[in-house]
Amino acid sequence: MEFDFVIIGAGSAGCAVAKGLSDANVGTICVLEAGPTDAVPQVKVPFGLLYTMGSRRDWRFQSAAQASAGMRRMKVSRGRMIGGSSSINSMVWFRGRMDDYANWDLPGWDHVSVQDNFEEVEAAIQPQRLPDPHPISEAFGRTLGSNGLATPTPERESAGVFHTNMRHGRRWSAADAFLRPAQRSGNCEVLPGANVDRIAFEENRARTVVLTDGRKISARRGIVLSAGSIGSPAILMRSGVGPTGHLQEQGINVLCDARGVGQNLHDHPAVGVHHVGPNSGYGLTAKQMPAWMLSPIQWLLMRKGRMTSNFVEAGAFFRAAPVGPDGDDRPDVQTHFIPYMMGYRGKAITTGSGFFADVCVCRPVSRGRLTLSSKDPHDAPNIDLGVLSDPADLSVLVAGFKRLRTIIATAPFGDYQAPEAHPAEAVQTDDEIEDYVRNNCGTAYHPVGTLAMGVGSEPVAPDMKVKQVEGLWAADASVMPKITSANTNAPSMMIGHRAAKFICREIGRG
Ligand SMILES: Cc1cc2nc3c(=O)[nH]c(=O)nc-3n(C[C@H](O)[C@H](O)[C@H](O)COP(=O)(O)OP(=O)(O)OC[C@H]3O[C@@H](n4cnc5c(N)ncnc54)[C@H](O)[C@@H]3O)c2cc1C
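What counts, and where the lines are drawn
Residues numbered from 1 in each chain as written. Predicted model: local features only at pLDDT ≥ 70, side-chain atom pairs only at ≥ 80, totals over all residues. Heavy atoms only, no water. Near = heavy atom within 4 Å. Polar contact = N/O pair within 3.5 Å; in protein donor to acceptor, adjacent residues only side chain to side chain. Areas by Shrake-Rupley, 256 points an atom, 1.4 Å probe, with all protein chains shown as cover. Helix = DSSP H or I, 4+ residues; strand = E, 2+ residues; numbered from the N terminus. Nonpolar A, V, L, I, M, F, W, Y, C, P; charged D, E, K, R; others polar. Buried < 20%, exposed > 50% of the residue type's maximum accessible area, 1.4 Å probe, protein only. Patch = residues over 30% accessible without salt bridge, like charges linked within 9 Å, V, L, I, M, F, W, Y side chains within 5 Å. Salt bridge = Lys/Arg side-chain N within 4 Å of Asp/Glu carboxyl O. Lys, Arg positive; Asp, Glu negative; His and termini not counted. Charge placed at Lys NZ, Arg CZ, Asp CG, Glu CD. UniProt positions renumbered as here; feature names shortened; annotations may be inferred. Contact = heavy atoms within 4.5 Å. 1 Å grid on protein atoms, 1.4 Å probe; cavity = no way out; pocket = protein on both sides within 12 Å on 5 of 7 lines; lining within 4 Å. Points joined across faces, edges and corners; volume = space filled by probe spheres on them. Domains from an automatic or database assignment. Phe/Tyr/Trp six-rings, centres within 6.5 Å; stacked < 30°, edge-to-face > 60°. Axes fitted to C-alpha atoms, helices over the stretch in contact; angles between N-to-C directions. Parallel < 35°, antiparallel > 145°, perpendicular 65-115°, else oblique. Pairing = 2+ DSSP bridges. Right-handed = clockwise from strand over helix to strand, strands pointing away. Buried area = accessible area lost by both parts, 1.4 Å probe.

Caption draft 1: Up close: the site of the ligand. Around the ligand sit 37 residues, and of these S12, E33, S85, T488 and N489 come closest. Take A13: an N or O atom from its main chain is 2.9 Å from an oxygen atom of the ligand. For the ligand, the protein covers 97% of the area, taking 1000 Å² as the surface of the free molecule. Sorting the residues of the shell around the ligand by element identifies α1 (12–23), α8 (228–238) and α13 (489–506) as the ones contributing at least two each. Along the lines of polarity and charge, the residues of the shell around the ligand split into 15 nonpolar, 18 polar and four charged.

Caption draft 2: Helix α7 (residues 174–184), seen in detail. Of all the positions in α7, only A174, A175, D176, A177, F178, L179 and A182 are classed as buried. Of the residues flanking the start of α7, the one acting as N-cap is S173, its side-chain oxygen 3.1 Å from the backbone nitrogen of A175. Trailing α7 by a residue or two, G186 shows a phi angle of about 95°, which is positive.

Caption draft 3: Local environment of a negative patch on the surface. Taken together, D431, E432, E434 and D435 make up a surface patch of like negative charges. Inspection of the secondary structure puts D435 in helix α12 (residues 430–440). The class of D435 is partly exposed, set by a relative accessible area of 46%.

Caption draft 4: Layout of the UniProt feature "binding site: FAD" (unreviewed entry) in the protein. In the numbering used here, UniProt assigns the feature "binding site: FAD" (unreviewed entry) to N89, S90, M91, V92 and V196. In summary, the annotated positions, distributed over 108 residues, remain apart in three dimensions as well, the widest C-alpha pair reaching 29.1 Å. With residues near it in sequence (within four places) discarded, S90 still touches L49, N310 and V312. With respect to the helices and strands, the residue V196 is situated in strand β11 (residues 196–202). Of the residues examined, V196 reaches a relative accessible area of 5% and is grouped as buried. Setting aside residues no more than four positions away along its own chain, V196 makes contact with I8, L32, V209, V210, L211, T212, I235 and R238.

Caption draft 5: Structural view of the layout of surface pockets. By volume, the second largest pocket amounts to about 390 Å³. Along the walls of the second largest pocket sit 19 residues, with D328, R330, R363, P364 and V365 positioned nearest its centre. Looking at the lining of the second largest pocket, the element that brings in the most residues is helix α11 (residues 391–409), giving three residues. Of the residues in the lining of the second largest pocket, the class split is eight nonpolar, two polar and nine charged. Counting residues domain by domain, the lining of the second largest pocket receives three or more from each of domain 1 (1–127 + 171–266 + 367–385 + 448–510) and domain 2 (129–164 + 269–361 + 389–440).

Caption draft 6: Molecular detail of the UniProt feature "domain: Glucose-methanol-choline oxidoreductase N-terminal" (unreviewed entry) in the protein. Within this structure's numbering, the places UniProt gives as "domain: Glucose-methanol-choline oxidoreductase N-terminal" (unreviewed entry) are residues 79–102 and 228–242. The distance separating the terminal C-alpha atoms of residues 79–102 is 29 Å; by composition the span is 21% helix and 0% strand. In residues 228–242, helix accounts for 73% and strand for 13%; the two terminal C-alpha atoms are 16 Å from one another.

Caption draft 7: Spatial organisation of a nonpolar patch on the surface. Residues L294, I297, L300, L301 and M302 make up a contiguous nonpolar surface patch of roughly 570 Å² in combined accessible area. Considering the arrangement of structural elements, one finds I297 in helix α10 (residues 289–302). By relative accessible area, I297 is classed as partly exposed at 46%.

Caption draft 8: Seen up close, the packing of aromatic side chains. What the rule picks out here adds up to 20 aromatic pairs. Seen in terms of ring centroids, F337 and F355 are 5.3 Å apart; in terms of plane orientation they differ by 35°. Their pairing is tilted. In this pair, F337 is assigned in strand β19 (residues 333–338) and F355 in strand β20 (residues 352–361), connecting sequence segments 18 residues apart. Comparing F337 with F355 shows no difference in burial state: the two are buried. Cluster of aromatic residues (ring-pair linked, three or more members): F47, Y51, Y282, W292, F311 and Y340.

Caption draft 9: Structural detail: the packing of helix α5 (residues 111–125) against α13. Contact geometry of α5 with α13 gives a least axis separation of 9 Å together with a crossing angle of 110°. Taken together, the axes of α5 and α13 are roughly perpendicular relative to one another. Residues S113, V114, N117, F118, E120, V121 and I125 of α5 form the contact with α13, whose participating residues are A490, P491, M493, M494, H497, R498 and K501. Its residues assigned to classes, the contact of α5 with α13 comprises eight nonpolar, three polar and three charged.

Caption draft 10: The arrangement of the pairing of strand β1 (residues 2–8) in detail. Most of β1 is tucked away, with six of its seven residues classed as buried. Sheet analysis places β1 next to strand β13 (residues 216–225), joined by six bridges and oriented parallel. Residue pairing across strands places I7 opposite V224, the latter belonging to β13. Read from β1 through α1 to strand β2 (residues 29–32), the crossover connection turns out right-handed.

Caption draft 11: Expanded view of the environment of R184. Within the secondary structure layout, R184 lies in helix α7. Looking at R184, the relative accessible area reads 65%, which means it is exposed. With 162 residues separating them along the chain, R184 and S22 place their C-alpha atoms 9.9 Å apart.

Caption draft 12: Spatial organisation of the domain arrangement of the protein. Per the domain assignment, the segments making up the protein are domain 1 (1–127 + 171–266 + 367–385 + 448–510) and domain 2 (129–164 + 269–361 + 389–440). For domain 1 versus domain 2, the separation of C-alpha centres amounts to 30 Å. On the side of domain 2, 27 residues touch domain 1, which itself brings 25 residues to the contact. With both sides pooled, the region where domain 1 packs onto domain 2 buries about 2100 Å², and carbon together with sulfur makes up 58% of that total. Considering only the side of domain 1, the residues that lose the most area to domain 2 are F47, F94 and R97, jointly responsible for 30% of the buried surface there. For the interface between domain 1 and domain 2, the tally reads one salt bridge. D99 is paired through a salt bridge with R330; the nearest N and O atoms lie 4.0 Å apart.

Caption draft 13: Empty space enclosed by the protein, seen in detail. Enumeration according to the criterion identifies one cavity of 30 Å³ or more in this entry. As a volume, the largest cavity reaches approximately 50 Å³. Its residues placed into classes, the lining of the largest cavity shows five nonpolar, three polar and two charged.

Shown next, in the form of structure tokens:
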């Protein structure tokens, strides 16, 4: 099979690349996706994410044991289907802070340069305020002063009900917004169940994609790697582009020594508190049974009710650490507020009603790295998230945790208020909180940075071309040199949209 362009990965960014290339009429396009279709109710119904996480539509990766976090292995959930992680995520929509982009320190990537790309993405996505939040989520949205109907913003201290990429009460993923319209244009073919092993080069030009089942798909003009922060560096290393020593250890022929591939892995570390009370948030209680039983019908008839809940209904941004010596008073933590009783004792089914809130570090400084565990594409890579490897992140989480407790204690929850059930009295002093954070933190499922763009030794150029080779671009969350201050789905789609523009310019179609 031969196409003009082959895109690897039908996720948040890959779908946006496909739409941009299809609109520009660059020729034939093929999108390769390892996972199955997204055409199942648990993907379309927002509440269904409870069932897709941990299912065959999730890569179900685990991190390496985290040395600074109790030697625990952490879940690294990643969408494995058409739409990628935009088909499994909580749909919370944030561009990030304006200065996040200036801080990338790349030519042509300040917030003004990316604004048009965000606007075009948002015209297709139309993010909107969550349609039917739980009253306790509305109340959490009033904790840091009135924010009206606006979403909170990482630009300043604020709380509120989140805006989401949902439409008419159902998930509106990158596949809905970009891929299916591209397919309808007739020049874009999508192959689900196409698990990519590696890219084969002619001289140093990326030419053919080799699938794990032996199929080969060739690209006349270019290949775009959009397999996400875990998949893209792994594919590139299996193709012979990566740190020489590591590739040789794995028995891979080295095409070029690219030391930055797989480095700079980071995510938002997060830790939370559980509250439980008889009249609190959603949960399995006798009183709530009739509402649960009616909710599927309510969703089918009106697209309303608890089935439209994305779980992470509201949140806040606030300053946890003292103002920096340089006067830095930017919010340094984000809170995700979930109006659900969530299990914290490791049981499969949890009864009772309650709520959960976390704090996660907006701009972590810890870094990990991704390496191959073998050259066999069926073996998951080693994902060392480097969580809390820099003590600065631990300090922010400890301070954020303390302030979150105060915010919850004084929140206008009325009858929905519930006492803290976990970690509660056992964790009070700074030392106890530090210990709790180390032994209970996870991440927000926002890994980035493993194929960072840069003008130095980074593997990807600011125009998203993979350095040292021809005909290959990287376009997904892996190219972010530093994580944005909030959730990463919108920035990933913006990156995909932008990549299509850069490719068109390169081939004289821009
Ligand atoms: C559970 C969860 C909740 C989240 N919640 C939010 C949220 O509420 N808001 C937010 O902004 N962000 C959220 N995120 C993060 C956000 O979804 C991601 O940052 C974003 O989707 C990343 O986009 P991407 O294009 O880089 O990768 P992805 O969207 O993950 O796409 C990569 C695609 O490549 C495919 N692929 C990988 N390897 C191969 C291979 N070898 N061959 C073929 N195909 C391959 C994958 O199956 C996938 O479809 C969440 C993520 C998760 C997992």
